[in-house]
Amino acid sequence: MSLWTIVRKNIAQRKLSSALTSASVALGVAVVVAVLAIKEESREGFRQGAFGYDLVVGVKGSPLQLVLNTVYHLDAPPENIPFGIYEKLKADRRVRLAVPVAVGDFFEGHRLVGTSDRLFRDFEVQKGQKFELAEGRLFRFDEERLRHVLTAPPDHEHEGEEAVFEAVVGARVGGLRPGSTFEARHGGDFGPAHEEKWTVAGVLKPTGTANDRAIFINLESFYHIKTHVAEEVNRGKISAVLLQTKGAHAARDLAWEINKGPEAMAVVPAEVVVELFELIGKVDLVLLAVSALVILVAGISILVSIYNSMAERRRAIAIMRALGARRTTVLSIVILEASALCALGGFAGLLLGHLLTAAAARVLAARAGVAMSPLAFRADELLVLGGVVLLGALAGVVPALRAYRTDIADGLSPTS
Amino acid sequence: MEGVRKGYNGTPVLSIGRLEIPKGAQWVITGRSGSGKTTFLNLLAGILTPDAGTVTVAGTPINLLPEARRDRFRAEKIGFVFQTFNLLQGFTALENVLLGMLFARKTDRARGESLLDRVGLKDRMGYRPSELSVGQQQRVAIARALANRPELILADEPTGNLDPKTGESVIGLLKEVCREGGETLVVVTHQPQVMQSFKDVTDLSCLSGR
């Protein structure tokens, strides 16, 4: 028998009221936990995706659109840049590795990324981590043939030049195995279908990045798509170039030089992601403020609920006082009760918050290829829990003072 | 009690020149309605403090103690039996007894069980008050009052809510357990059959001249 026994009994005696007040705390905590977790986890996830690239070079315009397109395989495809820029960058002494990419087609929500096999052989998808095949092989790729296709005169007929329509698919592209074939649509899932069929050559191991839901095709095949051949806009052009430079100084130097020119811009993906999250941070703040308000209202409802119960508990308090309980003891019991209700709600909220995060993680993984760990416990959740328990204690102070002032003789009198 | 006076809102309720109840005595306090019987018990328990005079229990002038020490003294030295039993409803019989020990900071489950056994409720320890008869509830209250081995047991109309037969049995038990433990027993009652079973009866109306 301890004070906790009394607290537990008091809570159990008012089951419905206790459950409702705890549930309102749980709701607030769940939203706070989910917002904090999704914010941090997705930020981490987006950063991870950007680690493997120093620079992304694309058409002048929105750096965010360029990064979302090339690194995260999101957003509408940007305009193109001349293939010559890629060739120039590839030859630049400051560049360790350059990989061209061309986008614009989709298969069941997955973006087709036309690229070279060097993306898999030499690029690091994240720092220290290269792409690995789970099964099959890489698509066949011949840079010379690509060069020929991209630099041929507009009226050049490619008949007789057999294109390789092969693909390597990310780990989260469901339903495609080596040997599977698929057709793509132009501009999105509701765009016109291309006639060509690609054969899956290999499936990549999961990387925990947006690449897991992308379909990589031989860049040459991109330019053999009949509708692309017909479109003047694609001729001799690519969407972007992914660059790995020979150091931070080289990256800065190169970016400055490219951005000074009229044809393209170079962006540092990690910097763009920071800007993106500054924007998202404002939305997070609003969400956090709303959920803090929910918790505050829950705290007030605990105060009201316990305060209203004090009239019916006056006799019980007087009995405890008659048995020798000090005023501070009954004060502690009420404050502990309010804190316990908040703690219960807080723990339930943590659980619910992680479930919400898990649901959000599935959506983020499916839509953005961002891997999250929804069950990972974060240090700031302890702060939230501590804050909620403190709020409960504060909410308990007013009814506790009423308990503190209970007069034993009055409380025990038959009329009370 | 020495020179004790107590009143409410300027109206005197109790005035006692000197009253000494010997250690181990079994004493009945009676008096007509409004004679201050409950006030008398509350003064003895340290629940109320007199406007003047001294209340000494087991050698300690309790009205001179600071409130927190008076609470502790009450928990350790005084047991209470009420007319309406005053058991906590959400607690079992045993928990109600242990609650009496909690505030004296000496919770002893085995003693709680043995006390309930002593008052004939061995097989009702896990029952809540609502599951017990009124006689059984008063027995739990007696066990609770004895929990901390007090020096003084105060009983305020302990048979007021019981039928005569049950009342007789409860008074008999109360006297018996106090005799066994050597506790001083002070019973406030206006029931003649209760008074008849005690040797020492003090009429508060006569004592305070009201």
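Residues numbered from 1 in each chain as written. Chains lettered and ligands numbered in written order. Predicted model: local features only at pLDDT ≥ 70, side-chain atom pairs only at ≥ 80, totals over all residues.

1. Here's the deal with the pairing of strand 3 (residues 95-107) of chain A
Residues and elements named next belong to chain A. Condition: Exposure criterion: with C-beta atoms placed from backbone coordinates, a residue whose C-beta has 20 or more other C-beta atoms within 10 Å is buried, one with 12 or fewer is exposed, and one in between is partly exposed. Under the scheme used here, helices are H or I runs from DSSP no shorter than 4 residues and strands are E runs no shorter than 2 residues, and both carry numbers assigned from the N terminus. Note on pairing: two strands pair once DSSP finds at least 2 bridges between them.
Buried residues dominate strand 3, accounting for 11 of its 13 residues. Pairing geometry for strand 3 and strand 13 (residues 240-245), over 6 bridges, is antiparallel. Among the inter-strand pairings, proline 100 is bridged to a residue of strand 13, identified as valine 241. One ladder, built from 6 bridges, connects strand 3 with strand 4 (residues 110-115); its direction is antiparallel. Note that in strand 4 the partner of valine 101 across the bridge is threonine 115. Hairpin connection from strand 3 to strand 4: 2 residues lie between these consecutive antiparallel strands, with glutamate 108 at a positive phi of about 45°.

2. Focus: the packing of helix 3 (residues 93-102) of chain B against helix 5 (residues 134-146) of chain B
Residues and elements named next belong to chain B. Quick note on the threshold: Orientation is described by lines fitted to C-alpha atoms, with helices fitted over the stretch in contact, and by angles between N-to-C directions that extend from 0 to 180 degrees. Put simply, angles under 35 degrees are roughly parallel, angles over 145 are roughly antiparallel, angles from 65 to 115 are roughly perpendicular, and the rest are oblique. For any helix crossing, the convention is left-handed if the near helix is rotated counterclockwise from the far helix by under a right angle, and right-handed if that rotation is clockwise. Remark: residues whose backbone-derived C-beta atoms lie within 7 Å of one another are considered to be in contact. Note on residue categories: nonpolar means Ala, Val, Leu, Ile, Met, Phe, Trp, Tyr, Cys or Pro, charged means Asp, Glu, Lys or Arg, and polar means any other residue, Gly included.
Contact geometry of helix 3 with helix 5 gives a least axis separation of 7 Å together with a crossing angle of 30°. The pairing of helix 3 with helix 5 is recorded here as roughly parallel in orientation. Every pair of crossing elements has a handedness; the one defined by helix 3 and helix 5 is right-handed. Listed contacts from helix 5 to Ala93, Asn96, Val97 and Gly100 of helix 3 are Val140, Ala143 and Arg144. The residue inventory of the contact of helix 3 with helix 5, partitioned by class, reads 4 nonpolar, 2 polar and 1 charged.

3. Some points on the nonpolar core
This is how the line gets drawn: To form a nonpolar core, buried Ala, Val, Leu, Ile, Met, Phe, Trp, Tyr and Cys residues must be joined through C-beta atoms within 7 Å.
Within the largest apolar cluster, 107 residues are counted, with the highest numbers of intra-cluster contacts made by A:Val29 and B:Leu154. Here the element with the most residues in this core is helix 2 (residues 15-50) of chain A; it accounts for 13 residues. Those residues in contact with A:Val29 that sit more than four places away from it in its chain are A:Ile295, A:Gly345, A:Gly346, A:Gly349, A:Leu350, A:Gly353, A:Val384 and A:Val388. A:Leu66, A:Phe106, A:Ala184 and A:Leu204 belong to the second-largest nonpolar core, a separate cluster that totals 67 residues.

4. Regarding the interface of chain B and chain A
Accessible area lost during the coming together of the parts is what is often quoted as the interface size. On the side of chain A, 16 residues touch chain B, which itself brings 23 residues to the contact. Among the elements of the structure, helix 2 (67-77) and helix 3 of chain B are those that each provide at least two residues to the side of chain B that touches chain A. Residues of the side of chain B that touches chain A, tallied by class, amount to 13 nonpolar, 6 polar and 4 charged.

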